[in-house]
Amino acid sequence: MNFALKERFFLLALVVFTAALQFFYLHEIRDNPFFTRPVLDEAIHLEWAGRWANDEAWFPGEPFFRAPLYPLLLSGAMRLFGRDYVILRVLQMLLALATPVLVYALGRALHSRTAGAVAGILAACYGMILYFNASFLIVVLLLPLDLGALLLLLRARAHEDHEEREDRGERPLWFGAGLLLGLSAIARPNILLFAIAIGAWAGVRALRHRLAPYALGLLLPIVPVTLHNLSQGEFVPIAWQAGTNFYIGNNRAADGMTAIAPGTEGTWWGGYRDLIRIAEEAEGRTLARTEISSYWFGRGLDEIAADPAHAARLLLKKTWLLIADFEVSNNQGIYFFAQFSPLLSKLMLFGMGLLFPLAFLGVVVTRGSRARTLLLLFLAAYALSIVLFFVTARYRMPLVPVLLVFAACGLVAIVDWIRKRAYVPLAFTLVALAGLSALAHAPLLAVEKDRFAQGYYNIGTVLLQEGNAQEALTWFQKAIDEEPAYRNARYNLGLSYSLLGRHTEAEEALRALLAVSPGDTPAQRTLGSVYESMGRYDDAAREYAASLRTGAPEPEVLFSLGALRALRSVPRAGDNGITGRDGITGRNEIAGTDEIAGGFALLRARGREGEIAIWIERLVARGIEPALVDSLAGARPAR
């Protein structure tokens, strides 16, 4: 059997082995409470894709806030197969079969077929790759796109040794590399820092033979996204999220890994609205989305300039987080999730604490390899694009396959020294590896692997969404016991009590949250609702009004406040005390009309016209004159 045939058999076996691991993992997590109830960014991606699959707009009239490629592909899968979570995950896992094969090819190019084989096996068995392949997150796309681009770039440079083939073979490879990086950019734009750095790596002769086809490929996926954003009235090349993320990762309260801006609601939609509201209130006008991004970039730079010592410490911490033996969760508790899969729990024992030292050794032993420069350039550029913002497990994942390639070279070198009985370099190497591993395991994080507060919170949230507030209480309390400062758990605890009609306990929980987090808009809204249910109408109106001062207006709050004011300003018979002088406005005339009209205007502005008739009926049922409600709502929509 010739070597080429052996290599093909190995690659086939690698694909089969990878598929077996992935499908066994999929079987294990089917009983996981989040399998059919994705949370946070996974839920957002599915909602976004679902709307596109149904030909509905997402953020109508606005440029993209986030890069659109992953939801776009997910929507195509939904059109064909519906919202079947098993099928959607299987499709992702089929795509992910390319990752270990590409890692093999890079290891072969960097060192040898043996190193490539070790790297491919490590990629198939790496726990976090397995985890993200089955998650509705962007990582599953990024790995094959970035690895494919690196491989094409290496092959393109190899043509330098065959100048007579340059015109025929080099340009398509540069075009293909640019195309893959362009696709990666419209999935997560920070790859653009590496894409730009390629110009320096390409060399002096790049303009004619390399950069022109490369730039064409790079721009081909990006231009349609830019044109879409232009059609929404703004020049946004891909997405306008960068400014907000820069502030989140660099403000003086930042810890380098938390994806919540100070003073904003700790939910995805609430945080999004607050970031817009705060910027517009600061500028005193309605802002374009690019202006909002620029505002937050400016705020982030101001925070750095105001306390450069803190900024320097934060940068060092974020750099350490890149190589720390800890997976920073910001979608769901990764270590909590791993409890539902014995396979994942075992595979995660080989994490960054071992990967980083072995990769460092691989960098040392591959000196002289032409592939080494490109892979180091990728690691440096991509790492910089992360530490400029903040570090989480999924953000650093594109670094992992390249580190696996270097780690495989390090392992091959160790085996070679053992075989040759070169004990002196082996001893020095093992001491150095132990030191680097100790650095990666250093207890510099306040969060520990065995703390499951986020997992408890997510289970409680799932139960709450399913209407099981009673059982959700237990999980929110567990999250608070584990992490007393957990804002979202405290809020949902109060919300659960409210939904159960346990108003006194709800009031206590929400007031406790407001005591440590004054101006928490959702807590004020919910507390207003609790007071209204208790018949404490002045207190309810006070909390509703406070929430409008501290957060973005919501139709539900405007309607509630408007109804309370209108009912308390108009004498009526038999309304059990909701009559007489308006204790809120101090007027003996109809109040609340501005709030009610504003609520209807917000529904229209947010494309929720179908709810107008429902709210008309609700307001009339609460005692507001039908003619008044109709006049505030405009013409009653057809039903």
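Note that residues are indexed from 1 along each chain, following the sequence as it is written. Totals for whole chains, interfaces and linings use all residues, but because this is a predicted model, local features are given only for residues with pLDDT of at least 70 and pairs of side-chain atoms are given and counted only at 80 or more. Think of the side-chain values as coming from all heavy atoms in the structure, minus any hydrogens and water.

S.K.: Would you take a moment to explain the overall build of the protein for this structure?
M.R.: When helices and strands are tallied, the protein shows 32 helices and 0 strands. Within these notes, the globule rule equals 2.2 Å times the number of residues to the 0.38 power, and the radius of gyration is based on C-alpha atoms. Taking 639 residues into account, the globule formula puts the C-alpha radius of gyration at 26 Å, and the protein, at 28 Å, falls close to it. Principal-axis analysis of the C-alpha atoms places the extent of the protein at approximately 100 × 50 × 50 Å. In this description, contact between two residues means that some pair of their heavy atoms is separated by no more than 4.5 Å. Residue pairs in contact within the protein that sit at least 24 positions apart in sequence constitute 71% of those at least 6 positions apart. In this tally, Lys and Arg are treated as positive and Asp and Glu as negative; His is ignored, and so are the chain termini. One atom stands in for each charge, and that atom is NZ of Lys, CZ of Arg, CG of Asp or CD of Glu. Of the side-chain charges in the protein, 61 are positive and 59 negative, and the distance between the mean point of each set is 8 Å. Secondary structure elements follow DSSP: runs of H or I no shorter than four residues count as helices, runs of E no shorter than two count as strands, and numbering proceeds from the N terminus.

S.K.: Explanation requested: helix α28 (residues 537–550) in the structure shown.
M.R.: Residue pairs spaced three or four apart in an α-helix point in one direction, given the helix's 3.6 residues per turn. To estimate how far a helix should extend, the number of its residues minus one is multiplied by 1.5 Å. The end-to-end C-alpha separation of α28 is 20 Å, in line with the 20 Å expected for 14 residues at 1.5 Å each. For the exposure calls, accessible area comes from a 1.4 Å probe over protein chains only, and a residue counts as buried if that area is under 20% of its type's maximum, exposed if over 50%, partly exposed in between. Looking only at α28, the buried set comprises Asp 539, Ala 540, Ala 541, Glu 543, Tyr 544, Ala 545, Ala 546 and Ser 547.

S.K.: Before we go on, may I ask you to explain the side chain of Arg 188 in this structure?
M.R.: Of note, Arg 188 is situated in the loop between α9 (166–185) and α10 (192–202). The salt bridge criterion pairs a side-chain nitrogen of Lys or Arg with a carboxyl oxygen of Asp or Glu, the two atoms within 4 Å. It is Asp 146 that comes nearest to the buried, bridge-free Arg 188 among opposite-charge side chains, at 7.5 Å. Distance and chemistry together define a polar contact, namely a pair of N or O atoms within 3.5 Å, with one atom able to donate a hydrogen and the other to accept it when in protein, and with adjacent residues in sequence counting only for side-chain atoms on both sides. A distance of 3.3 Å separates the side chain of Arg 188 from the backbone oxygen of Arg 394, its partner in a polar contact. Setting aside anything within four residues of it in sequence, one finds Arg 188 in contact with Ala 67, Ile 138, Val 139, Leu 142, Tyr 382, Arg 394, Tyr 395 and Pro 398.

S.K.: How do you make sense of unusual backbone geometry when you look at a structure like this?
M.R.: When glycine is set aside, most residues are seen to have a negative phi, and most peptide bonds are trans. Phi is positive for Asp 55, close to 60°, though the residue is something other than glycine. Positionally, Asp 55 belongs in the loop between α2 (40–53) and α3 (69–81).

S.K.: Quick question: what am I supposed to make of the nonpolar core here?
M.R.: Side chains of a nonpolar character, in soluble globular proteins, are inclined to be buried together. Counting residues in hydrophobic clusters, the biggest one holds 186 residues, and the most contacted among them are Tyr 25, Met 128 and Phe 194. The dominant element in this core, judged by the number of residues it contributes, is helix α21 (residues 399–420), at 14 residues. Joining through side-chain atoms within 4.5 Å is the link that ties buried Ala, Val, Leu, Ile, Met, Phe, Trp, Tyr and Cys residues into a set, and such a set is a nonpolar core. Counting residues in hydrophobic clusters, the runner-up holds 15 residues, among them Ala 563, Ile 624, Val 629 and Ala 633.

S.K.: Which parts of the structure should I look at to understand the packing of aromatic side chains?
M.R.: Aromatic rings in a pair are described by how distant their centres are and how their planes are angled relative to each other. Pairing of aromatic side chains requires ring centres within 6.5 Å, counting the rings of Phe and Tyr and the six-membered ring of Trp. Pairs whose planes differ by under 30 degrees are stacked, by over 60 edge-to-face, and all others tilted. Within this structure, the stated rule accounts for 29 aromatic pairs. Among the aromatic residues, ring-to-ring pairing joins Trp 48, Trp 52, Trp 58 and Phe 64 into one connected group. Sitting over the ring of Tyr 456, Lys 478 keeps its end group 5.5 Å from the ring centre. One Lys or Arg, Arg 618, reaches over the ring of Trp 615 and ends 4.7 Å from the middle of that ring. Here, a charge over a ring is recorded when the distance from Lys NZ or Arg CZ to the ring centre is within 6 Å and its angle to the ring normal is within 35 degrees.

S.K.: Hey, could you run me through the environment of Leu 69 in this one?
M.R.: Along the chain, the position of Leu 69 falls in helix α3. Sequence separation between Leu 69 and Ser 184 is 115 residues; the distance between their C-alpha atoms is 8.3 Å. In contact with Leu 69, other than residues within four places in its own chain, are Leu 141, Leu 145, Leu 183, Ile 186 and Ala 187.

S.K.: Honestly, the pattern of salt bridges in this entry has me stumped. Any pointers?
M.R.: When the charged atoms of two side chains lie near each other, side chains of opposite charge can form a pair. According to the stated counting rule, one finds 23 salt bridges in the structure shown. One salt bridge connects Arg 289 with Glu 62, and the closest N-O pair in it is separated by 2.8 Å. With Arg 289 in helix α14 (residues 289–306) and Glu 62 in the loop between α2 and α3, this pair connects stretches of sequence that are 227 residues apart. Residue Arg 289 is classed as buried on the basis of its relative accessible area of 13%. Taking the relative accessible area as the measure of exposure, Glu 62 reaches 17% and is therefore buried.

S.K.: What is the right way to read the packing of helix α13 (residues 268–283) against α14 from this model?
M.R.: Any two packed helices are characterised by how steeply their axes cross, that is the angle between the axes, and by the distance between the axes. The N-to-C vectors of α13 and α14 enclose an angle of 80°; their axes lie 10 Å apart at closest approach. Put simply, α13 runs roughly perpendicular to α14. Seen from α13, the contacting residues are Tyr 272, Leu 275, Ile 276, Ile 278, Ala 279, Glu 280, Ala 282 and Glu 283; seen from α14, they are Arg 289, Ile 292, Tyr 295, Trp 296 and Arg 299. Counted by class, the contact of α13 with α14 contains 9 nonpolar, no polar and 4 charged residues. Angles here are taken between N-to-C directions and fall from 0 to 180 degrees, while the axes themselves are lines fitted to C-alpha atoms, restricted in helices to the stretch in contact. Small angles under 35 degrees read as roughly parallel and large ones over 145 as roughly antiparallel, with 65 to 115 read as roughly perpendicular and the rest as oblique. Each residue gets one of three labels, nonpolar for Ala, Val, Leu, Ile, Met, Phe, Trp, Tyr, Cys and Pro, charged for Asp, Glu, Lys and Arg, and polar for the others, Gly among them.

S.K.: Which parts of the structure should I look at to understand a nonpolar patch on the surface?
M.R.: Surface patches are defined over residues having more than 30% relative accessible area and no salt bridge, joining like charges when they lie within 9 Å and nonpolar side chains (Val, Leu, Ile, Met, Phe, Trp, Tyr) when within 5 Å. Method for areas: the Shrake-Rupley scheme with a 1.4 Å probe, in which residue coverage is limited to the protein chains shown. On the surface, a nonpolar cluster with roughly 530 Å² of combined accessible area is contributed by Phe 23, Leu 80, Phe 81, Ile 87, Leu 91 and Leu 94. Sorting the residues of the nonpolar patch by element identifies α3 and α4 (85–96) as the ones contributing at least two each. Looking at which element gives the most residues to the nonpolar patch, the answer is α4, with 3 residues. Take Leu 91: it is sitting in helix α4.

S.K.: Explain the environment of Ser 231 to me, please; I cannot follow it from the model alone.
M.R.: With respect to the helices and strands, Ser 231 occurs in helix α11 (residues 206–231). Residues Ser 231 and Gly 455, 224 residues apart in the sequence, show an inter-C-alpha distance of 41 Å.

S.K.: Is there a simple way to think about the environment of Tyr 85 in this case?
M.R.: Inspection of the secondary structure assignment puts Tyr 85 in helix α4. It is 6.5 Å that separates the C-alpha atoms of Tyr 85 and Thr 36, two residues lying 49 residues apart in sequence. Look past the residues within four positions of Tyr 85 in its chain and what remains in contact with it is Phe 35, Thr 36, Pro 38, Leu 46 and Phe 136. Here the side chain of Tyr 85 touches Arg 83 through a polar contact of 3.2 Å, side chain to side chain.

S.K.: What am I meant to see in the state of the cysteines here?
M.R.: Cysteine pairs can be covalently joined through their sulfur atoms, and such a bond is termed a disulfide. Note that a disulfide, as used here, is simply two cysteine sulfur atoms within 2.5 Å. A full pass over the atoms with the stated rule returns 0 disulfides. Lacking any disulfide linkage, Cys 125 is separated from the closest cysteine sulfur, that of Cys 409, by 17 Å. By relative accessible area, Cys 125 is classed as partly exposed at 22%. Of the residues examined, Cys 409 reaches a relative accessible area of 0% and is grouped as buried.

S.K.: What is the right way to read α14 from this model?
M.R.: For α14, spanning 18 residues, the distance from its first C-alpha to its last is 26 Å, which sits close to the expected 26 Å at 1.5 Å a residue. Among the structural elements, α12 (242–250) and α13 are those in contact with the buried residues of α14.

S.K.: Please clarify how the packing of α12 against α14 should be interpreted in this entry.
M.R.: At a minimum axis separation of 7 Å, α12 and α14 run at an interaxial angle of 20°. What the angle tells us is that α12 and α14 run roughly parallel. Both α12 and α14 take part in a crossing whose hand is left-handed. From α12, Ala 242, Gly 243, Thr 244, Phe 246, Tyr 247 and Asn 250 reach across to α14, where they touch Ser 293, Trp 296, Phe 297, Arg 299, Gly 300, Leu 301, Glu 303 and Ile 304. Crossing handedness follows the turn of the near helix against the far one: under a right angle anticlockwise gives a left-handed crossing, and clockwise gives a right-handed one.

S.K.: Help me understand the side chain of Glu 507, please; the structure alone is not making it clear to me.
M.R.: Of note, Glu 507 is situated in helix α26 (residues 503–516). Using a relative accessible area of 15% as the deciding quantity, one classes Glu 507 as buried. In contact with Glu 507, other than residues within four places in its own chain, are Leu 527, Val 530, Tyr 531, Met 534 and Arg 536.

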